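# Descriptive structure summary
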Amino acid sequence: RKLGFLFLLAQAAVGIAGPTVPFLVEADWLKHEQNRADLLIVDVRTAALYKQGHLQQAINIPADATFGIGSNNDRVAPPAQIQELLSRQGVRNHHHLVIYDDGNLKDAARFFWVMEIYGHAKLSVLNGGLNAARNAGFVVSHVEHRLNTRSNYVPMIQHRFLSTKFMLRLSMSSPHYVIVDARSALEFSGHQPKSPRVGHIPTAINIPWENNLEHQNNTRQLRPVAQLRQIYNGLDPHRKIIAYCHRGKESAVTYFVLRLLGYDISIYDGAWIEWSNDPTLPITVKH
């Protein structure tokens, strides 16, 4: 009964708190807000990189830990795995998570997407990652930061943010969907093979994930919103977007940007790895 009650609280939080939290924050914003009791900074880089230096108040939850294990290591981790991962680190449903990586957004956006799937209401990504924070004068520490107590995190699945192979097959012939391939142009065309079959999902359009980024002050960060809108101005805002990449990180950058711009988007969890390894599925090769 207690778990069910917490589930309802988490469900209410998703509906109430979500719209008030900025998806993208700058280092100056974090400097002003970092001492809030409900704010928790999450470094989603590898444990090795975290040990080399991290923001003083940041806990470490590597983005790679959001993948399943064993035969499911290319998919989103199941609820029990996510619940244990977050509970062990002391993350609570009410926390406002500020997520950062090295600035290329792949890990931060991946973690953001998975947390949206599991219904976390308050999520922000730090633009420019660790380097941007360093440039803003944040203290970098080599001492692990951990919360004092274990939590009882309650995940709540939000299916609208995740798509499957079956949904992709249906969307190929639907006027209500657009498929966006976030890989490089060479991968999309089939000239840079990373899997047994090359090419792309039929009807998909190619908007490489790296188009979203620029270099500023020795770090990578998102382009200004006006430029991002220009990159995606060919997408119909009334159609649902399904993004995919090779495994699920590059498309997460696309997902984050389109969420930021107000599009209705999900990610194909199986990604190109699943699609290209199924010989019954169609593929288009651009010559």
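Coordinates for the structure precede this section.
A brief report on the enclosed structure follows. Quick caveat: nothing in here was measured; it's all calculated off a predicted structure.

Thresholds, definitions, all that
- Residues numbered from 1 in each chain as written.
- Predicted model: local features only at pLDDT ≥ 70, side-chain atom pairs only at ≥ 80, totals over all residues.
- Heavy atoms only, no water.
- Core = buried A, V, L, I, M, F, W, Y, C linked by side-chain atoms within 4.5 Å.
- Buried < 20%, exposed > 50% of the residue type's maximum accessible area, 1.4 Å probe, protein only.
- Helix = DSSP H or I, 4+ residues; strand = E, 2+ residues; numbered from the N terminus.
- Contact = heavy atoms within 4.5 Å.
- Pairing = 2+ DSSP bridges.
- Axes fitted to C-alpha atoms, helices over the stretch in contact; angles between N-to-C directions.

With 52 residues, the main nonpolar core has Leu-97, Ile-99 and Phe-111 as its most contacted residues. Counting residues in each nonpolar core, the second largest holds 14 residues, with Ala-58, Val-98, Leu-126 and Leu-130 among its members.

Turning to the side chain of Gln-221, a few remarks are in order. In this structure, Gln-221 sits in strand 12 (residues 219–222). A relative accessible area of 16% means that Gln-221 is categorised as buried. Setting aside residues up to four positions removed in sequence, Gln-221 forms contacts with Gly-103, Asn-127, Gly-128, Asn-212, Leu-213, Glu-214 and Gln-216.

This brings us to helix 10 (residues 250–260). Summarising burial for helix 10: ten of the eleven residues are buried, a large majority. Residues of helix 10 that are buried include every one of Glu-250, Ser-251, Ala-252, Val-253, Thr-254, Tyr-255, Phe-256, Val-257, Leu-258 and Arg-259, and no others. Just downstream of helix 10, Gly-262 is the residue with a positive phi angle, here 95°.

Positionally, Gln-56 belongs in the loop between strand 3 (54–55) and strand 4 (58–60). Once the C-alpha coordinates of Gln-56 and His-145 are considered, the two residues, 89 residues apart in sequence, prove to be 7.1 Å apart. Residues within four places of Gln-56 in sequence aside, it is in contact with Val-139, Ser-141 and His-145.

Below, the discussion takes up the sheet that holds strand 10 (residues 205–206). Strand order in this open sheet of five strands is 8-14-13-9-10, and the pairing throughout is parallel. Two strands close off the open sheet at either side, each with one partner strand: strand 8 (162–163) and strand 10. Across five bridges, strand 9 (residues 177–181) lies against strand 13 (residues 240–244) in parallel orientation. Paired with Val-180 across the strands is Ala-243, a residue of strand 13. Packing of helix 10 onto the sheet brings it into contact with strand 9, strand 13 and strand 14 (265–268), and relative to strand 14 it is tilted by some 170°.

Functional significance is not addressed by these values, which are geometric in nature.
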